[in-house]
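A structural walkthrough
If you want the building blocks of each chain, they are given just below.
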Amino acid sequence: MNTSLLTLPQDAARRLLTSLRKPTRFLAAVSGGSDSTGLLIALHRAVSQHDCPHSIAAATVDHALRPESTAEARTVASLCASLDIPHRIVTWQGDKPSTGISAAARQARYRLLSTAADELGATAMVTGHTADDQYETIAMRAARATQDNLGLSGMAAATLYDRRIWVLRPFLAVRRAAIRDYLSEAGIGWVDDPSNVDPHYERVRIRLGHGARPSTPENNAAERRRELSSAAASLVGRCATLHAGCLVSLSADARNAAPQVLRHTLATLATIAGGRTYRPSAAAMDQLMQLVASGSPGRMTLSGALVQLRRDDIYIMREVRDVLPRDVAAQSSLLWDGRYLITNPSDDRFHVHPDAATFAPPASDTLSPAMLRHIGRITPEIRFHSGSADKGAPPPDTVSITPAFPLFDHFLPDFDLPLAEAIARLFGRKAYLPLPA
Ligand SMILES: Nc1ncnc2c1ncn2[C@@H]1O[C@H](COP(=O)(O)OP(=O)(O)OP(=O)(O)O)[C@@H](O)[C@H]1O
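Residues numbered from 1 in each chain as written. Predicted model: local features only at pLDDT ≥ 70, side-chain atom pairs only at ≥ 80, totals over all residues. Heavy atoms only, no water.

- Going by the annotation in an unreviewed UniProt entry, the name recorded for the chain is tRNA(Ile)-lysidine synthase, with Ciceribacter naphthalenivorans given as the source organism.
- The record in UniProt for the chain states the following under Sequence similarities (unreviewed entry): "Belongs to the tRNA(Ile)-lysidine synthase family." (UniProt positions renumbered as here; feature names shortened; annotations may be inferred.)

Structure, rendered in structure tokens:
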């Protein structure tokens, strides 16, 4: 077991605070379980030190899935009141899905927590994920690794949520047992969520199976993933060109990159071109890399994208299949085809539809006529419904069409940040929120 990486709760809290120069207000996400309660106490003690420029607030999500959850949230509220920590309870309202409840609860939790962060003036969020959670995450991902084993880097120490707030995990090298000792010494109790011992959940089965097994990643998988991301970012900076806002070409020089760097770059660009949330499978990437290595012209579809090899260049674009028309209601936004965020501030509903017949191709001496036609079949065209006079009119200036990257925009682990930034630059989109520093 690699114990050198493990640390005590109070040291981890201090380390986080001293790593930040700018005064930061943290929102501690506290469920009332031992890990997040330990985080709350350790951070509270550290920020209460003389001269500390940072401060904390806290929030608890009442998922309203178990009868006890409201009382548990109130227990956290009382603890925070006794410590003078501003605290909010945010409740997951409305109907709950009958399947996929864990994933839906997680989505709702982050949404509600980020709203609480805004209300409490917090500029970063902290969660109590531990070394035990990290071990379980890696074990679960290893069991189903199909995407180039990227998941083996585990949870990131920092993840950008919805492009709006960084979620920091300062306890990733702290063991749960150390947190419980720390709380017991402080005379502070915690809630035991019954689902944490329910073997119905894969995570629980792994926990029960591993007992005292190693709990920190034994290798530097996260560091290697960051290096891969940086190398891919520099490849994109050197070799990638965006055409007509949607088609990316990589110049011949890209083929001189290390194979794993070219592979990661292509996997990521294909995911972005296809508007997908997950990268292609390792099997699909093996096939694509064989095609690239063959040096002959060819084409392959994967993850909703078409990759075309022509002369020495590599072209990556959305495939034409399943690019579906959609309506955008008045005064609303829509993620269209996973690739564009389309905002309609007008009072009229409009229709988004690729229309090759009306598409005016850009002048190009590098793209073939077939590619220009292809662009017309994947580019959003907007048509207003109201009144025949408006039909087919170009969108008013106020309608905005912004490239979207579902792979990065919802949860962006810090080790993927270099490549995400390079792609945002390539598409001319606003930079991601910088890490707290
Ligand atoms: N009900 C809640 N209210 C506030 N924070 C919570 C709540 N549930 C979980 N958290 C936060 O998330 C951390 C991890 O909790 P848990 O392991 O149950 O969630 P997870 O779903 O596995 O994690 P993730 O949110 O990354 O998917 C907790 O330490 C805590 O900081």
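We are not done yet, so read on.
Considerations on the side chain of H63
- Mapped onto the elements, H63 comes out in the loop between β2 (55–62) and α3 (69–83).
- Since its relative accessible area comes to 18%, H63 is described here as buried.
- Leave out the neighbours within four places in its chain, and H63 touches W92, K96, A105 and R109. (Helix = DSSP H or I, 4+ residues; strand = E, 2+ residues; numbered from the N terminus. Buried < 20%, exposed > 50% of the residue type's maximum accessible area, 1.4 Å probe, protein only. Contact = heavy atoms within 4.5 Å.)

A closer look at the packing of aromatic side chains
- On inspection of all chains with the given rule, the structure shows 6 aromatic pairs.
- Summarising the aromatic geometry, the rings of Y110 and F411 are spaced 5.3 Å apart at their centres and angled 80° between planes, so their arrangement reads as edge-to-face. Of the two residues, Y110 sits in helix α4 (residues 101–119) while F411 sits in strand β18 (residues 411–413), which places them 301 residues apart along the sequence.
- Classification of F411 as buried rests on a relative accessible area of 19%.
- Judged by centre distance (5.5 Å) and plane angle (50°), the ring pair of Y161 and F411 falls under tilted. Taken together, the residues span a long stretch of sequence, with Y161 in strand β5 (residues 158–161) and F411 in strand β18 at a distance of 250 residues.
- Overall, the relative accessible area of 3% leaves Y161 in the buried class.
- By way of ring pairs, the aromatic residues Y110, Y161 and F411 are connected into one cluster.
- Above the plane of the ring of W92 lies K96, whose end atom (NZ or CZ) is 4.8 Å from the centre. (Phe/Tyr/Trp six-rings, centres within 6.5 Å; stacked < 30°, edge-to-face > 60°. Lys NZ or Arg CZ within 6 Å of the ring centre and 35° of its normal.)

Details of helix α6 (residues 176–186)
- Among all positions in α6, only R176, A178, I179, Y182 and L183 are buried. Down the axis of α6, the buried side of the element spans an arc of 160°, and every buried residue falls inside it. Turned more than 90 degrees from where α6 packs its buried face, D181 and E185 sit exposed.
- Backbone geometry just downstream of α6 places G187 in the positive-phi region, at approximately 70°. (Arc of directions from axis to C-beta.)

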